[in-house]
Every structure is written in C-alpha cells, then in structure tokens.
Amino acid sequence: MDVEEFRKAGKAAIDHIADYYAGAIDSLPVNSLVQPGYLPPLLPDAPPEQGEEFSAITEDYHKLIMPGLTHWQHPEFMAYFPTASSFEAILGDLYALSIPTPGFNWTCSPAATELEIVVMDWAAKLLHLDPAFYNASGVGGGALQTTASDSALIAVVAARERFMTLHADDPPNLANLVIYVSTQTHSLGLKAGKVLGLRVRALEVRAEDGYALRGETLSRALEEDKAAGNRPFVLIATVGTTSSGAVDSMAEIGTSLKSHPDVWLHVDAAWAGIALCCPETHEQLQLADLNLFMDSFCTNFHKWGLVNFDCSTLWVRDRKALTTALDITPPFLRTAQGDAGAIDYRNWHLALGRRFRSLKLWFALRGFGVEGFRKHIRHAIALNQTFAALVAKSELLELVTPPSLALSVIRLAPPNVTSDALNGLNTALYARLSARPDVALTQTTLNGVFCIRVAIGSPRTTEENIRRTFDAIVEEAKVVLGELK
Ligand code: PLP
C-alpha cells in the first residue's frame, strides 16, 4: 500500500467506523450468533505468498470478522462491565499508532513520557485523589498500565519490596508472606498470588454488610495470621466489586491498618473509580478517608471512562516503592536524562516497551472536560435507577443487593416459590437470556445465591434500551415459570 492508497483506504475506514456508530450497530444483534470454531474453516491455513489488495482484506473483515463480534458498544450491552469507546480516544489512538514509539525511557520520545506525567495528574484531579498521588509531588505518582490485573500485580510487587525493606533485620520467609483479598475481590488477587508464588487469603464478607469487607474482619485476620507466624503484607480492597458493586469499608480498613503500617493498601476501583469524578458519588460512597490510607489506587478508563481499551491508571503514594522493585538498568538502557532524574516509565510497569496511551486519554479528557465525564457517569447511574425501579415494582423479579452506581443485581423471585428452588429457576432464566442475540447480561453468585448482573455504561444507552432489556427478562421469566407449572 503506498501513501495515496493509504489516504483513500483510511478515509473509507473512518467512514465505515462513523456509519457503525451512526446507527449500523443498533441494527446488529448485541451478541454474535456464531458457534465455536466458525472462523478457521473460512480462512486459509497460511498467509498468502503474495500481498493482497487492501479492498479484499477489508471485504473479508466485514464478511468474516464482523459476524463474530460481540458489540460491546451496543446500547443494549449490559454484560460484565462496559468497555469504553469515544471518538476522541479512537482518534488519539490512531495518532499514537501512526508514530510507534516504545516509550520505555524518557529519551524514546520525550513527549510520550511528559504527556503521561501531565495527564495522570489531570486524571488524579478529575477523580479527587490526594495531591500526594500527583506526579508533580515528586514523591507519589501515576502511570498508565494495560489492565487492572497488571496494576494489582505491580502494586503487590511494590508492597512486597517495601515489606522486605522494612523488615530487613528480620527477613520474612517468602512462604509466610500472605496477600489479603476479600471473597469478593476480582480474580486479579488470586492471579497475583499465582504469578508470584505467594499465598492468598480471602477474607469473608457478609450479605448484611452489602458484601463489603469490614475493618473488624481484617483486624481479626491480621492478628490470627501474625500469631501463627504468617506475614500479611498487602490488602487488595475494592471500590465497586465485580459481582455486586460493593464498596469495602475504607474508613474501617484504614483504622485497622493504622496498627499494621507495614501492610500496603491497594484499592482496586477498576470499574467504579471513574465515578469518583462526581463529588456526590465520592460522598455517597464515604470515600473521604480513602486518600489518607491507601498506598495505591487503580481505575480503568477503558471500562466506564470514555477511553478505548487499554487505559488502566495506577497511582502510588511512593514512587520509589515501585521503581525500587522494578528498575533494572543494563548499560544499553542507561541515559543521561534518566540518571539526572527524568521519569523512565519502564520502571513503573512490567514490560520494557509501552504504548503511547496518554494521547487518547488526553484527547478524551480535553474533548469531554470534567463536566462531560460527570454527565456521562450521571446518565448511566440515572438509567440504572430507572431499571432498579422497574425491578422493584415487578412481582416476579427482585434486587438481590441495593443498586450500586450503574449496576443492578437481580433475580427471579416469584411469590410461593421456595428459596431452595430459586437458584434452579434463575439458572434456567439466565440460560434462556444468554441464548438470545438481543440480550447481553452476565451471571454471578453471591454467597451461594445465583444472580443476574445488569451493568449499564454505554453513553448511547437510553431509557428505551433499558426497558427493552427489562421486558426481555420478564418475558423469559414467564416462560421459565410456565415450564415449572
Ligand atoms: N477489578 C474489578 C473490580 C473488575 O470488575 C475487573 C473486571 O471487570 C477487573 C478488576 C479486571 O480488569 P482488567 O481486565 O483490567 O484486569
């Protein structure tokens, strides 16, 4: 492809993307209708010997790939948590792709590092993080990561490093180190343990506490573990758990950790963190103390934050904990600027190279502004309130937990059905819903109760989409109940 062919094909690609968002997406089923193994028989088993015309490649994209897509930007996609997209971020990424730079050192492309330093501070201000976490503080700071799982893994590595340093006189046996999570923490906690070969203890939460981790549970576990010779060194707490949007009791956790200052508090707010841009959400979730206690904080702009995957933001209170753990500087990576103190972001994440992600975050932050972000979050929360009100009025459905931000957790709970039968009924309901091309929801269990999650977050979702999803659930619920009779 020469440059003029690129210009023509590029304009056609933008037209296609614009058409997709202008309405084509609405006429597509939110779920793909293909079956496992659909694609390999449709493709050659080796790359072509000679390069092909680009028109043939894009034709196959539309014909073969599109049908196998789940449309996460569809206004009726309410499964998992949303995966964000905005035109600003798409264009930011397009520019980033046009100037590939691996960004590991400041010298790789000074603008890439310096823009990240600035936008991470903008993002910290958007989310009301304490100035201690700003890059401008020179002590704390933030960097973009691929995912919340990477962010948590890095936080655990930094926590371990700090713990080993603090206890240099009495070096812990690695077999005694323990990562704390709650039973509601995302599987990223268990994965960090698996990758690092460390034990993970999942602390219990109660339904009556809204599945939030309480300070007393944490204190008891810390005392038990320490008495048994174990060395808990990090807690991964959550603001907005995956199953129910629960928010761990941060003030209590902070109080409990006051007696255990060597335990690092990582806050995983992968989904809900963006909602902290709204002052009322901050207040409602009682997170005023969060800034005082936490050592690191992560949220994914690529979930509910208007920036296309990947864009996970991680802040630490003490950047040295991170760089001490991750900095390896062989001669070929050494630079005068790095020696003089310029940030080399390779020391803030796992890999060496990194994408120029700050460009899309910058475009989105400028394009929407703080007010645009707040409007987007409030829109989804308001729609969820509408949905939750429909459930509350329904005779067939119930909310299993109070709605959390833009997430409702529901189940079929008709009168005169024993509680033992409810899990079976709901499993059947979910099976019917997931077989439909027009409904995208996910399942979970909360202390053994089978539930269905409805997660709202696309800027294109309207009240009509909410009602259609609600009607589909009721329709399938009636079929399930009919089968019971
Ligand atoms: N944390 C929470 C609370 C989540 O809900 C999720 C995914 O939905 C994750 C972490 C994992 O995010 P990532 O895919 O960025 O690792």
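Rules behind the numbers
Residues numbered from 1 in each chain as written. Predicted model: local features only at pLDDT ≥ 70, side-chain atom pairs only at ≥ 80, totals over all residues. Helix = DSSP H or I, 4+ residues; strand = E, 2+ residues; numbered from the N terminus. Rg over C-alpha atoms; globule rule 2.2 N^0.38 Å. Buried ≥ 20, exposed ≤ 12 C-beta atoms within 10 Å, placed from the backbone. Contact = placed C-beta atoms within 7 Å. Pairing = 2+ DSSP bridges. Axes fitted to C-alpha atoms, helices over the stretch in contact; angles between N-to-C directions. Domains from an automatic or database assignment. Core = buried A, V, L, I, M, F, W, Y, C linked by C-beta atoms within 7 Å. Near = placed C-beta within 6 Å. Nonpolar A, V, L, I, M, F, W, Y, C, P; charged D, E, K, R; others polar. Parallel < 35°, antiparallel > 145°, perpendicular 65-115°, else oblique. Expected span 1.5 Å × (residues − 1).

K.L.:
Could you give an account of the overall build of the protein chain, with specific residues and numbers?
P.N.:
From N to C terminus, the protein chain includes 16 helices and 11 strands. Against the 2.2 N^0.38 benchmark of 23 Å for 485 residues, the protein chain shows a C-alpha radius of gyration of 24 Å, consistent with a compact globule. C-alpha extents for the protein chain along the principal axes are approximately 70 × 65 × 45 Å. In the protein chain, which comprises 485 residues, the share counted as buried stands at 43%. Within the protein chain, residue pairs in contact and separated by at least 24 positions form 74% of the contacts whose partners lie at least 6 positions apart.

K.L.:
Before we move on, can you summarise the sheet that holds strand β11 (residues 449-455) with the specific residues and values?
P.N.:
In space, the four strands of this open sheet follow the order β8-β9-β11-β10, with antiparallel pairing throughout. Two strands lie at the open edges of the sheet, namely β8 (397-399) and β10 (442-446), each paired on one side alone. On average, each strand axis in the sheet is inclined to that of its neighbour by 40°, with strand direction left out of account. Here three bridges tie β8 to strand β9 (residues 407-412), and the two strands are oriented antiparallel to one another. Bridging across to β9, Glu398 finds its partner in Arg411. Contacts between helix α14 (residues 358-393) and the sheet are confined to β8, β9 and β11, with β9 contributing the most and set at about 20° to the helix.

K.L.:
Describe the domain arrangement of the protein chain, with residues and values.
P.N.:
A common way to report how large an interface is uses the accessible area buried once the components associate. The domain boundaries assigned to the protein chain delineate domain 1 (3-70), domain 2 (100-355) and domain 3 (376-484). On a C-alpha basis, the centroid separation for the pair domain 1 and domain 3 is 33 Å.

K.L.:
Just give me the short version of the nonpolar core, but keep the residues and values in it.
P.N.:
Judged by nonpolar contacts, the single largest core of 126 residues is most densely connected at Ala152, Val234, Cys277 and Leu361. For this core, the leading source of residues is α14, giving 14 residues. When residues of this core are assigned to domains, at least three fall in each of domain 2 (100-355) and domain 3 (376-484). Leave out the neighbours within four places in its chain, and Ala152 touches Leu188, Gly189, Ala192, Ile236, His266, Asp268 and Cys298.

K.L.:
Tell me about the site of the ligand, residues and numbers included.
P.N.:
Taken together, 16 residues form the shell around the ligand, and within it Thr147, Ser149, His186, Thr242 and Ala270 come nearest. Here the shell around the ligand is built from residues that sort into six nonpolar, nine polar and one charged.

K.L.:
Tell me about the packing of helix α5 (residues 148-166) against helix α12 (residues 319-326), and please be specific about residues and values.
P.N.:
Where α5 contacts α12, the axes come no closer than 8 Å and their chain directions differ by 90°. With respect to each other, α5 and α12 are oriented roughly perpendicular. On α12, the residues touching Ile154, Val157, Ala158, Glu161 and Arg162 of α5 are Ala321, Leu322, Thr324, Ala325 and Leu326. Its residues assigned to classes, the contact of α5 with α12 comprises seven nonpolar, one polar and two charged.

K.L.:
Can you lay out helix α1 (residues 3-22) for me, pointing to particular residues and giving the numbers?
P.N.:
Helix length check: α1, at 20 residues, gives a terminal C-alpha distance of 28 Å against a target of 28 Å (1.5 Å per residue), a fit within 8%. Counting buried residues along α1, only zero of its 20 residues qualify, which leaves the element largely exposed. Positive phi shows up at Gly23, right after α1, with a value of about 160°.

K.L.:
So what's going on with the sheet that holds strand β5 (residues 264-268)? Residues and values would help.
P.N.:
If you trace the seven strands from one edge of the open sheet to the other, you get β1-β7-β6-β5-β4-β2-β3, paired in mixed fashion. Sheet topology places β1 (141-145) and β3 (199-203) at the edges, where each strand pairs with a single neighbour. Strand-to-strand twist of the sheet, defined as the mean angle between neighbouring strand axes without regard to direction, takes the value 20°. Relative to the sheet, helix α4 (residues 110-126) contacts β1 and β7 (312-316), its axis offset from that of β1 by approximately 105°.

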